[in-house]
Structures are given as C-alpha cells and as structure tokens.
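Structural overview for review
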Amino acid sequence: MAEHGNHACHCPHSHPHGSPQVHEDQHSFKELNKHYFDEHAHLYNDHPDAHELARRLGAAMINAYPFEEDSTLVLDYACGTGLISKKLAVHAKCIVGVDISQSMVDQYNQSVFNQGIPSEEMRAVCCDLTVAPNQLDGMKFDVVVCASSYHHFLSIEDVTKALASYLKPGGSVLVADLMKPSSAESAHALFPTGEHNIVAHNGGFEEADIKAAFEGAGLINFSFTTACKAKKHGHPVQLFLASGTKEVAEEAN
C-alpha cells in the first residue's frame, strides 16, 4: 500500500435528523454499499466497460465546465478507484477523491502512487460528506463531480446539499447517472436482482428528480443533457449529465 494511501475513515458521527427509523435505514443502506465495494474494489479496474464509460463521462464533464489545469480544484465524490479522476486530472490543478469504501480509496491512492503523481495533485480520502459539514480541512472546490453513483444514495437531496456546501461561489456540481428508461420493464432490467440491496434507485432518474435536488441545494443555472449512450447488462441505456452553479452572493453596498 502506498504511504499516502493510508487514509483511515475519520468522519465524525452524524447526529440523527428526521425519524430514528429513517436514520437507521440510511445507515444500514450505506453499510451495505460500503461492504459491497470493500469486497469488490480489487476487481473494479478489470472491467473494460468501466474504463470506456469513464472516458465518455469524463469527456462530457470536460465539455460542460471550463477546467483550467493551473487553477481548477476538483472534488470527485464516490470516486471509487479513480477512473473519472484520471480522465479529469490533466485538466485540473488538484483532485481530491472521496469515498465511503476504504478499499476503493486504497486502490485509488495506490494507482496514484504507482503513476508517480504527487498526493498534493491527486489523492483520495475515506469519508461520508453527508454526516457533518467541513470535513476536508476547510477546502472549497471549483467543481464537484459525481459519476454513476447517485443511484446508490437513498437521499439524493442530502447528498446534493452536501456537495454544494464544498463549492466556491460560482463553482459547479456535475452529476452523471442513468436516465430512467421509457418502460418499467427496461427500468427493472438495469440492475441484477442481487444488486437491488445496494441500489436505491434501480430505475434511473428523470430530469425532474435531479432538478428538484439541485434546486433544493440552492444551485442555479440547472442543465440536464444526454452525456452518452452505453449498454448495461446487455440493455441499451442513456446517461445524463446534470450541472448546477453555486450563486455568487452580491456584496453589500
């Protein structure tokens, strides 16, 4: 393991909000996802389809935001092994990946170390940004990205609010995930039955779902476009790219 891969999960415990049952359900669901990806992290980069999808989504993100390699700070949430981070790295000054799976974070940091990339330029930490604010040593980012992960979150509203809180004024959130198919049968086929216990939204998303979450987080200039087409378990799918901007507060006269 790389020296700078030894990032232990250090998030503070969350305080219950809403009903105790809702809080317990969210915690249990996160634990199921954490366990699943801890178990599968070492196999994640073996899938050619994952690399190709990351290439396509990374290209869509680069087209959607004016990255500057000398100044742009990027937060990659639910970063996994870093496939999206790698596509964005040459266009940014620094990328910080965040994931609740320590094994994914270890794979990410080992890959960065193997490529000789300084941790000051690209690194990952194990953390859940939804449980408490200001967990990244006060860092704020120009752009926050989250690819192919929203379907794993019980509350996309809570996640979007958390992501928006790490933006600089005028910064953008970019989210890519599955569009909801037109038929219920197609939606049901997106995920194998064995994955349903880690997928909160197994039918994908409609534009209205994402727009409501973005607006609830105070983001403006909402955009929702088709990022790319792909196949999932043999079924053709479309992936969207949604973006929103953190408003720049007007200075008082």
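Report on the accompanying structure. (Residues numbered from 1 in each chain as written. Predicted model: local features only at pLDDT ≥ 70, side-chain atom pairs only at ≥ 80, totals over all residues. Heavy atoms only, no water.)

1. Quick word on the environment of Asp-177
Basically, it comes down to this: Numbering of helices and strands runs from the N terminus, with a helix taken as a DSSP run of H or I at least four residues long and a strand as a DSSP run of E at least two residues long. Note on contacts: a residue pair qualifies if any of its non-hydrogen atoms lie within 4.5 Å across the two residues. For this analysis, a polar contact is any N or O atom pair within 3.5 Å, provided that within protein one partner can donate a hydrogen and the other can accept it, and provided that sequence-adjacent residues contribute only side-chain to side-chain pairs.
With respect to the helices and strands, Asp-177 occurs in strand β5 (residues 167-178). Separated by 61 residues in sequence, Asp-177 and Gln-238 place their C-alpha atoms 8.5 Å apart. When neighbours within four sequence positions are excluded, Asp-177 is seen to be in contact with Ser-148, Ser-149, Tyr-150, His-151, Phe-205, Gln-238, Leu-239 and Phe-240. There is a polar contact of 2.8 Å between the side chain of Asp-177 and the backbone nitrogen of Tyr-150.

2. Concerning the nonpolar core
Note the cut-off: Residues grouped as a nonpolar core are buried Ala, Val, Leu, Ile, Met, Phe, Trp, Tyr and Cys residues, joined through side-chain atoms within 4.5 Å. Relative accessibility decides the category of a residue: with a 1.4 Å probe and only protein chains considered, values under 20% of the type maximum give buried, values over 50% give exposed, and everything between is partly exposed.
Counting residues in hydrophobic clusters, the biggest one holds 33 residues, and the most contacted among them are Val-98, Tyr-150 and Ile-210. Among the elements of the structure, β1 (73-77), β2 (94-99), β4 (141-147), α5 (156-164), β5, α7 (207-216), β6 (219-232) and β7 (235-246) are those that each provide at least two residues to this core. The residues contacting Val-98, other than those within four sequence positions of it, are Leu-75, Asp-76, Tyr-77, Ala-78, Cys-79, Val-125, Cys-127, Leu-129 and Leu-136. Counting residues in hydrophobic clusters, the runner-up holds 30 residues, among them Phe-67, Val-112, Met-122 and Cys-126.

3. Brief notes about the sheet that holds β7
Which entries qualify depends on this criterion: Strand pairing follows a simple DSSP-based rule, namely that at least 2 bridges must link the two strands. Helix axes are fitted only over the stretch in contact, all axes being lines through C-alpha atoms; the angle between N-to-C directions runs from 0 to 180 degrees.
Read from one edge to the other, the open sheet built from 7 strands follows the order β3-β2-β1-β4-β5-β7-β6, with strand pairing classed as mixed. Among the strands making up the open sheet, the edge pair consists of β3 (122-126) and β6. Taken over all neighbouring pairs, the strand axes of this sheet differ in orientation by 20 degrees on average, direction set aside. Note: β4 against β5, 6 bridges, orientation parallel. The residue of β5 that forms the bridge with Val-144 is Val-173. With respect to the sheet, helix α4 (residues 102-114) is in contact with β2 and β3, its orientation differing from that of β3 by roughly 165 degrees. Along the sheet, α7 contacts β5, β6 and β7; its crossing angle with β6, the most-contacted strand, is approximately 140 degrees.

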